[in-house]
Amino acid sequence: MPAFAYHRPASLDEALDLLSRFGEDAKILAGGQSLLPLMALRLSHPANLVDISRVPGLNEIVEDVEGGLAIGATVTHTRAEEAEAVHRLTPLVAAALPLVGHRAIRNRGTVVGSLAHADPAAELPAVALALGARFIAVKSGGQRRVAAADFFSGFLTTDLAPDELLLAVGFPPQKPRTGVSVKEISRRSGDFAIVGLAATVSLDEAGLIASSALSFFGAASTAVRVTEAEEALAGQSPGPEAFEEAARIVSQSLDPPEDANGTTAYRKHVAGVLTRNALADAIDQIGFAA
Amino acid sequence: MNSPSATATQSAMGSLHSPIDGTATIELEVNGVGVTRRVNARLSLADFLRERLDLTGTHLGCEHGVCGACTVVLNDEAVRSCLILAVQADGSRITTIEGLAETDHDGQIISIHPIQRAMQEAHGFQCAFCAPGFLMTALCFLERNPAPTRAQIREEISGNLCRCTGYQSIIAGVETAVEIMAADRREGAQDA
Ligand SMILES: Cc1cc2nc3c(=O)[nH]c(=O)nc-3n(C[C@H](O)[C@H](O)[C@H](O)COP(=O)(O)OP(=O)(O)OC[C@H]3O[C@@H](n4cnc5c(N)ncnc54)[C@H](O)[C@@H]3O)c2cc1C
Ligand code: FES
Ligand code: FES
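Enquirer: Honestly, the pairing of strand β6 (residues 134-139) of chain A in this entry has me stumped. Any pointers?
Expert: The two faces of a sheet get side chains in turn, since along a regular strand they alternate between them. All names here are of chain A. Relative to strand β7 (residues 142-147), β6 is paired through 6 bridges, and the arrangement is antiparallel. Of the residues in β7, the one forming a bridge with Ile 136 is Arg 145. In this structure, the hairpin formed by β6 and β7 is closed by a connection of 2 residues, where Gly 141 is found at a positive phi of approximately 80 degrees. Two elements, β6 and strand β10 (residues 165-171), share 5 bridges in a ladder whose sense is antiparallel. From the neighbouring strand, Val 138 faces β10, where its bridge partner is Leu 165.

Written out as structure tokens, the structure is:
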């Protein structure tokens with residue numbers, strides 16, 4: 001591990017002070033399940049680590065009156081996975097969590113840390129993009145909200161400034177008659193996905209598709225939605241024909257990178273197959289709920 | 001310039017600050033025994049256990065979270081000790097493979113843990129380099145879920161790599177542990 005100065009602030013103000021003092025020279029340490037491997041591999045060498053794990057008030061899952069849900073900065077994947085409110089209010093988040101690494105990783109890693117890390121192959125950034133999540137960023141003397149669509153700006157890069165701390169992520173209430181699904185292909189259980197998607201489909205009262213989200217991971221330098229396919233689904237009757245057409249558009253419009261785990265052509269093909277399966281899966285759930 | 005021996009400052013607020021390449025004093029409980037040590041901020045919990053406490057039962061394979069060999073229990077949860085800094089473990093309760101068997105005051109083993117017994121019966125391991133990680137993973141898992149399905153066992157141990165066995169004997173070992181522990185519980189209930 002490269003050398004660094006370790007700071008464990010006992011309050012949010014102290015954490016923000018440290019971040020404003022060190023700027024680019026500091027990194028927030030949450031669960032450490034992404035940052036410490038990067039440091040062990042010498043891909044990151046921050047001069048200061050600001051460990052936020054003991055900052056009070058951040059380890060909270062809060063329901064709002066409209067039926068939305070906020071997850072605080074130090075809530076671990078396991079804690080979110082076990083929270084009843086996460087399953088009830090944000091089933092897409094609940095569906096994605098078991099796919100994040102392995103149990104021992106999820107016992108330490110945080111939901112917010114995963115979003116701040118913005119790995120393009122990670123599940124939760126795509127989930128946040130699909131749900132139109134809102135990010136609450138704080139720094140000394142200011143707080144702002146960032147929409148998911150503006151948050152992920154590139155490979156492992158977000159809209160956060162070096163002196164900003166992501167306080168929480170907020171998920172809006174789920175629309176009525178909505179089904180969700182997360183599908184991915186990975187080499188082994190718990191590995192980062194080669195390609196995958198987080199999908200939601202909402203039906204109108206007549207049972208036609210009112211809106212949908214098809215949000216992909218492992219398919220670009222950030223999580224991406226394929227809006228052409230979402231638009232093509234709107235107004236359609238949910239069924240194999242509509243799903244096949246959406247899958248075709250997805251395979252056509254994505255341009256995933258090539259690496260040892262898969263070629264561009266393979267990823268495009270798999271993205272289409274997963275789209276079909278995810279849409280069918282999501283629609284099945286609405287059937288059950290009705 | 002901070003010298004490498006510079007020590008952390010602990011403020012009245014309970015915060016902790018170590019200078020670059022400096023040390024901090026941590027207090028934790030390892031296998032039921034309280035320990036206080038001054039450690040370098042960049043020391044991993046795995047290296048702390050192995051090098052400072054001579055608990056070399058915790059193994060290191062990849063040192064970046066992939067293999068599970070270094071799995072220990074921190075406050076009742078299985079964690080990768082290579083992905084935790086010793087300073088982050090300050091104030092916590094750790095159990096390593098050395099803490100699994102029941103021992104007397106001199107450290108002599110009185111009885112091995114049912115999971116250890118099960119792995120022995122099922123011939124779970126070959127070289128056993130991976131064994132400490134699997135055992136600590138299984139320990140936490142069976143505490144949460146004492147009657148798992150085979151699919152759940154496969155899922156929960158999927159974060160640990162074994163280069164010898166092909167996993168079937170390890171899965172069989174966990175299944176044997178489930179039986180032994182259930183039988184022990186029944187006996188315990190009858191005795192009571
Ligand atoms: C073997 C292995 C397999 C994995 N598999 C997967 C997988 O399949 N899918 C997946 O999604 N992830 C996977 N992960 C990563 C894991 O989910 C991480 O826990 C997670 O991505 C980061 O959360 P963390 O709390 O550990 O963050 P850290 O490692 O502590 O931080 C990660 C980054 O986010 C920043 N950060 C953290 N919190 C904040 C905050 N509140 N405000 C601003 N910045 C912050 C840090 O400065 C750092 O740059 C895997 C990790 C390992 C080791
Ligand atoms: S040594 Fe920690 S996971 Fe491999
Ligand atoms: S028995 Fe040899 S690595 Fe598992």
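That was the structure; now back to the text.
Enquirer: What am I meant to see in the sheet that holds strand β12 (residues 195-203) of chain A here?
Expert: Whenever strands of a sheet pair, they do so through backbone hydrogen bonds, lying parallel or antiparallel. Residues and elements named next belong to chain A. Taken in spatial order, the 4 strands make up an open sheet running β11-β12-β13-β14, and their pairing is antiparallel. If you trace the sheet from one side to the other, it starts and ends with β11 (178-185) and β14 (224-225), each paired once. Looking at chain direction, strand β13 (residues 209-217) and β14 are connected through 2 bridges and run antiparallel. Within β14, the residue paired with Phe 216 across the bridge is Val 224.

Enquirer: What's the story with the pattern of salt bridges in this structure? I'm lost.
Expert: Opposite charge on two side chains permits pairing when their charged atoms draw close. In total, this model carries 20 salt bridges over all chains according to the counting rule given. The partner of Glu 81 of chain A in a salt bridge is Arg 106 of chain A, with the nearest N and O atoms 2.9 Å apart. Residue Glu 81 of chain A is located in helix α3 (residues 77-82), and its partner Arg 106 of chain A is located in helix α6 (residues 103-106); the two are separated by 25 residues in the primary sequence. When its relative accessible area of 15% is taken as the criterion, Glu 81 of chain A is described as buried. Salt-bridge contacts for Asp 191 of chain A lead to Arg 188 of chain A; the nearest nitrogen and oxygen are separated by 2.9 Å. By sharing partners, the salt bridges in this structure join Glu 81, Arg 103 and Arg 106 of chain A together with Glu 156 of chain B into a single network.

Enquirer: Honestly, the sheet that holds strand β7 (residues 93-95) of chain B in this entry has me stumped. Any pointers?
Expert: Residues and elements named next belong to chain B. Ordered by their spatial adjacency, 5 strands build an open sheet running β4-β3-β7-β5-β6, and the pairing between neighbours is mixed. Both outer strands of the open sheet, β4 (33-40) and β6 (77-80), are each paired with one neighbouring strand and no more. On average, each strand axis in the sheet is tilted by 40 degrees relative to the strand beside it, whichever way the strands run. Note: strand β3 (residues 23-30) against β7, 2 bridges, orientation parallel. Bridge pairing in β7 places Glu 29 opposite Arg 93. This element, helix α3 (residues 131-144), spans β5 (71-74), β6 and β7 of the sheet and lies at about 40 degrees to β5.

Enquirer: Which parts of the structure should I look at to understand the site of ligand 1?
Expert: Residues and elements named next belong to chain A. Taken together, the neighbourhood of ligand 1 is formed by 34 residues, with Ile 28, Gly 32, Gln 33, Leu 35 and Thr 110 sitting nearest. Interatomic distance of 3.3 Å between a side-chain N/O atom of His 77 and an oxygen atom of ligand 1. Thr 110 places a polar side-chain atom, nitrogen or oxygen, 2.6 Å from an oxygen atom of ligand 1. When ligand 1 is considered free in solution it has 960 Å² of accessible area, and contact with the protein chains removes 94% of it. Only β2 (26-29), α7 (111-117) and β10 provide two or more residues apiece to the shell around ligand 1. Grouping the constituent residues of the shell around ligand 1 by class yields 18 nonpolar, 13 polar and 3 charged.

About the cut-offs
Residues numbered from 1 in each chain as written. Chains lettered and ligands numbered in written order. Predicted model: local features only at pLDDT ≥ 70, side-chain atom pairs only at ≥ 80, totals over all residues. Heavy atoms only, no water. Pairing = 2+ DSSP bridges. Helix = DSSP H or I, 4+ residues; strand = E, 2+ residues; numbered from the N terminus. Salt bridge = Lys/Arg side-chain N within 4 Å of Asp/Glu carboxyl O. Buried < 20%, exposed > 50% of the residue type's maximum accessible area, 1.4 Å probe, protein only. Axes fitted to C-alpha atoms, helices over the stretch in contact; angles between N-to-C directions. Contact = heavy atoms within 4.5 Å. Near = heavy atom within 4 Å. Polar contact = N/O pair within 3.5 Å; in protein donor to acceptor, adjacent residues only side chain to side chain. Areas by Shrake-Rupley, 256 points an atom, 1.4 Å probe, with all protein chains shown as cover. Nonpolar A, V, L, I, M, F, W, Y, C, P; charged D, E, K, R; others polar.

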